[in-house]
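# Observations on chain architecture
Listed here are the chains, written in short residue letters.
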Amino acid sequence: MTPDERIDRIRGDHWIAFDRATIVLNRLTSLMEMPQQSRMPGLMVYGSSGIGKTMIAKRMASKYPTQYNAELGATKTPLLLVQAPPAPDERRFYQHILATIGAPMWGRHTVSELEVRALSHLRDLDLRMLMIDEVHNLLAGSYREQRRFLNMLRFLANDLCASLVVFGVNEALEAVRGDDQLARRLDEHYLPLWDDDVEFSRLIQTLIAAMALEQRSGLTVASLRTILKITGGVTSRVFIMIKSLAIDAIETGEERITDEAVQAWQPVWTKHAWNIPRQPAAAFG
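Since we're looking at a predicted model, the values are computed, not measured.

So, about the nonpolar core. Among the nonpolar cores identified, the biggest contains 48 residues, and Leu 28, Met 60, Met 131, Ile 204, Ile 242 and Ile 257 are the most heavily contacted of them. Broken down by element, this core gets its largest block of residues, 9 residues, from helix α11 (residues 235-252). Mapping this core onto the domain boundaries places at least three of its residues in each of domain 1 (19-190) and domain 2 (194-267). Ignoring sequence-local partners within four residues, the contact set of Ile 242 consists of Ile 204, Leu 207, Ile 208, Met 211, Ile 227 and Ile 257.

Let us now look at the pattern of salt bridges. Using the criterion set out here, one finds 12 salt bridges in the structure. Linking Asp 19 and Arg 202 is a salt bridge whose minimum nitrogen-to-oxygen distance equals 2.9 Å. Pair noted here: Asp 19 is in helix α2 (residues 19-33) and Arg 202 is in helix α9 (residues 198-210), with a separation of 183 residues, a long-range link. Classification of Asp 19 as partly exposed rests on a relative accessible area of 43%. For Arg 202, a relative accessible area of 39% corresponds to the partly exposed category. Across the pair Arg 177 and Glu 174 runs a salt bridge, and its minimum N-O distance is 3.1 Å. Taken together, the positions of Arg 177 and Glu 174, both in helix α7 (residues 172-177) and 3 residues apart, correspond to about one turn of that helix. The class of Arg 177 is partly exposed, set by a relative accessible area of 34%. Three or more residues are tied together by salt bridges with common partners; here these are Arg 6, Glu 214 and Glu 255.

Summed over all chains, the structure comprises 6 aromatic pairs. Ring geometry for Phe 93 versus Phe 149: centroids 5.4 Å apart, planes at 75°, classification edge-to-face. Separated by 56 residues along the polypeptide, Phe 93 in helix α4 (residues 90-100) and Phe 149 in helix α6 (residues 143-160) bring together distant segments of the chain. Of the residues examined, Phe 149 reaches a relative accessible area of 2% and is grouped as buried. Each residue in the set Phe 18, Trp 194, Phe 200 and Phe 239 is aromatic and connected to the rest through ring pairs, giving one cluster. One cation-aromatic arrangement involves Arg 20 over Trp 194; the distance from NZ or CZ to the ring centre is 3.6 Å.

Further remarks concern the domain arrangement of the chain. For the chain, the assigned domains are domain 1 (19-190) and domain 2 (194-267). For domain 1 versus domain 2, the distance between C-alpha centres works out to 35 Å. When the two sides are added together, the surface that domain 1 and domain 2 hide from each other amounts to roughly 550 Å², 48% of it contributed by carbon and sulfur. If you sort the residues of domain 1 by the area they bury against domain 2, Arg 20, Gly 50 and Ile 51 come out on top, with a joint share of 67%. The interface formed by domain 1 and domain 2 includes 2 salt bridges.

Closest axis-to-axis distance for the α2/helix α3 (residues 53-63) pair is 10 Å, and the angle between their directions is 45°. The pairing of α2 with α3 is recorded here as oblique in orientation. Our pair here, α2 against α3, has a crossing hand that is right-handed. Residues Ala 21, Val 24, Leu 25, Leu 28, Thr 29 and Met 32 of α2 form the contact with α3, whose participating residues are Ile 56, Arg 59, Met 60 and Lys 63.

A few words now on α4. For α4, the complete set of buried residues consists of Glu 90, Arg 91, Phe 93, Tyr 94, Ile 97 and Leu 98. The arc that holds the buried residues of α4, viewed along the axis, is 165°, so those residues lie on one side. Looking at the packing, one finds that the buried side of α4 touches β4 (79-83), α5 (111-124), β5 (129-133) and α6. Capping of α4 at its N-terminal end is provided by Asp 89; its side-chain oxygen lies 3.0 Å from the backbone amide nitrogen of Arg 91. Of the residues trailing α4, Gly 102 is marked for its positive phi of about 80°.

About the criteria used
Starting from 1, residues in each chain are numbered consecutively following that chain's sequence as written. Thresholds applied to this predicted model are a pLDDT of at least 70 for local features of residues and 80 or more for the giving and counting of side-chain atom pairs; totals over whole chains, interfaces and linings are not thresholded and use all residues. The side-chain quantities take in all heavy atoms of the structure and omit both hydrogens and water. Only buried Ala, Val, Leu, Ile, Met, Phe, Trp, Tyr and Cys residues count toward a nonpolar core, and they belong to the same one when joined by side-chain atoms within 4.5 Å. Burial classes follow relative accessibility: with a 1.4 Å probe on protein chains only, a residue under 20% of its type's maximum area counts as buried, one over 50% as exposed, and anything between as partly exposed. By the criteria applied, helices consist of DSSP H or I runs no shorter than four residues and strands consist of E runs no shorter than two, each listed in order from the N terminus. For each domain, the first and last residues come from an automatic or database assignment. By definition, residues are in contact when any of their heavy atoms lie within 4.5 Å. The working definition used for a salt bridge is a side-chain nitrogen of Lys or Arg within 4 Å of a carboxyl oxygen of Asp or Glu. Aromatic contacts are taken between Phe, Tyr and Trp rings whose centres are within 6.5 Å, Trp giving its six-membered ring; a plane angle under 30 degrees counts as stacked, one over 60 as edge-to-face, and the others as tilted. Any Lys NZ or Arg CZ found within 6 Å of a ring centre and within 35 degrees of that ring's normal is scored as a charge over the ring. Throughout, the accessible surface (probe 1.4 Å) given up by two parts as they are put together, summed over both, is called the buried area. Comment: axis = line fitted to C-alpha atoms, over the contacting stretch for helices; angle = value between 0 and 180 degrees taken between N-to-C directions. Geometric relationships in this document are graded by angle, where less than 35 degrees denotes roughly parallel, more than 145 denotes roughly antiparallel, 65 to 115 denotes roughly perpendicular, and other angles denote oblique. A crossing counts as left-handed when the near helix is turned anticlockwise from the far one by less than a right angle, and as right-handed when that turn is clockwise. The arc under discussion is defined with respect to the helix axis, by the directions toward the C-beta atoms. Within 3.5 Å is the distance limit for a polar contact, defined as a pair of N or O atoms, with the added protein rule that one can donate a hydrogen and the other accept it, and that residues adjacent in sequence qualify only through two side-chain atoms.

Now the structure itself:
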């Protein structure tokens, strides 16, 4: 592989497994494998923006793709990942679901009509898990609109006998807890900012190993603390910094990330934003 090809691969959006994400994925997989029942348990994954929520959601969705059975002439979608609308708008949410599964409705329809069609399609797809990213968007609405939107989510999960999984920032937690019935259904999984500990050291080692540099990068504890300080412990920024340092190492022929490179790196996030898609469609939510 040429240096340019290696750099393109680093810049690309590909999965890099690390312990914290694997723990969440294992919890989600357990929900998927649970026998269906009238009140399926669910999960809320929350944390600061950029901590890795959307990345985990997309990885989980990729493990359960839509499949077409030619013999039966049927399409099955065990897991559906959708993004919450910019505000708690039921109409837009149902329209988004229909568009995502390839069944858009044109013209003017009532919310009830959209609901009936969306539920009909989702039942045919044999849906087992509905994942909603950016659920904190519901905070853009009034208290009454928030309650109505949460009621809708609970209704969907009940009607489909599917697990409901939502991803959002810390502020969304209280809004979801405001619906007692939904809150009792959703376990909570908090993704904190990274700290100066062994877990963060393992993350850096994992990321550097994924860069496939030709020389070993033996960073000191001081360098790890510098990375933590520069990135603020935000996962997306940690990925951006390590990717940028790895690309510099390839371009200069150094083929390793050095302590000197870490100390000299400038955190101009807008300049380095090409490494990862921007919010809200970012690989890290």
